[in-house]
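Summary of the model geometry
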Amino acid sequence: IIIGGGHAGTEAATASARTGARTLLLTQKTSTLGELSCNPSIGGIGKGHLVREIDALQGVMGEVADASGIHFRMLNRRKGPAVRGPRGQMDRDLYKLN
């Protein structure tokens, strides 16, 4: 049972269903399924590691971000590789559709 149908909830429901488990996704509004938060960025210094792990595990976030991104950049480009992080700004409506 997954509670919440935002972008994280739909990712969890997809992963659960792909394993063959019986999956139930509960949300308050079906019109907000897959919706990003008010700051529709994916990646960055901290969250970028999580996004790469989800992508390595065949998650849908990376594919949907590639299809709905409107601006991509590398953060901290002048600093060392340990603190660099790719980030993309998403079109919230396109993200929800994909």
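The structure presented is a predicted model; accordingly, all values stated were derived computationally and were not measured.

**Topic: the sheet that holds strand S5 (residues 85–90)**
If you trace the 3 strands from one edge of the open sheet to the other, you get S3-S5-S4, paired in antiparallel fashion. Strand pairing shows two members of the sheet lacking a second neighbour, strand S3 (41–43) and strand S4 (69–75), which therefore form its edges. Put simply, the sheet's adjacent strands are angled 20° from each other on average, direction ignored. For S3 and S5, the ladder comprises 3 bridges, and the chain directions are antiparallel. In the sheet register, Ser41 faces S5, and the bridge partner there is Gln89. Sheet strands in contact with helix H2 (residues 47–56) are S3 and S5, and its direction is about 75° off that of S3. Against the sheet, helix H3 (residues 61–68) makes contact with S3, S4 and S5, and its axis sits at roughly 110° relative to S4, the strand it touches most.

**Here's the deal with the nonpolar core**
Residues Leu36, Ile42, Val51, Ile54, Val60, Met61, Val64, Ala65, Met90 and Tyr95 constitute the largest nonpolar core, which totals 10 residues. Element by element, the count of residues in this core is highest for H3, at 3 residues. Discounting chain neighbours no more than four positions away, the residues touching Val51 are Ile42, Gly43 and Met61.

**Here we look at the pattern of salt bridges**
Taken as a whole and assessed by the stated rule, the structure comprises 2 salt bridges. Measuring nitrogen to oxygen at the nearest pair gives 3.3 Å for the salt bridge that ties Lys96 to Glu35. Here Lys96 is found in helix H4 (residues 92–97), whereas its partner Glu35 is found in the loop between strand S2 (25–26) and S3, with 61 residues between them in sequence. Residue classification places Glu35 among the partly exposed residues on the basis of a relative accessible area of 26%.

**Here's the deal with the pairing of S5**
As paired strands, S4 and S5 are joined by 6 bridges and run antiparallel to one another. If you follow Met74 over to S5, its bridge partner there is Pro86.

**Digging into the environment of Asn39**
Counting through the fold element by element, Asn39 comes out in the loop between S2 and S3. Expressed as a C-alpha distance, the spacing of Asn39 and Gln89, which sit 50 residues apart in the sequence, is 8.4 Å.

Quick notes on the rules
- Residues numbered from 1 in each chain as written.
- Predicted model: local features only at pLDDT ≥ 70, side-chain atom pairs only at ≥ 80, totals over all residues.
- Heavy atoms only, no water.
- Pairing = 2+ DSSP bridges.
- Helix = DSSP H or I, 4+ residues; strand = E, 2+ residues; numbered from the N terminus.
- Axes fitted to C-alpha atoms, helices over the stretch in contact; angles between N-to-C directions.
- Contact = heavy atoms within 4.5 Å.
- Core = buried A, V, L, I, M, F, W, Y, C linked by side-chain atoms within 4.5 Å.
- Buried < 20%, exposed > 50% of the residue type's maximum accessible area, 1.4 Å probe, protein only.
- Salt bridge = Lys/Arg side-chain N within 4 Å of Asp/Glu carboxyl O.

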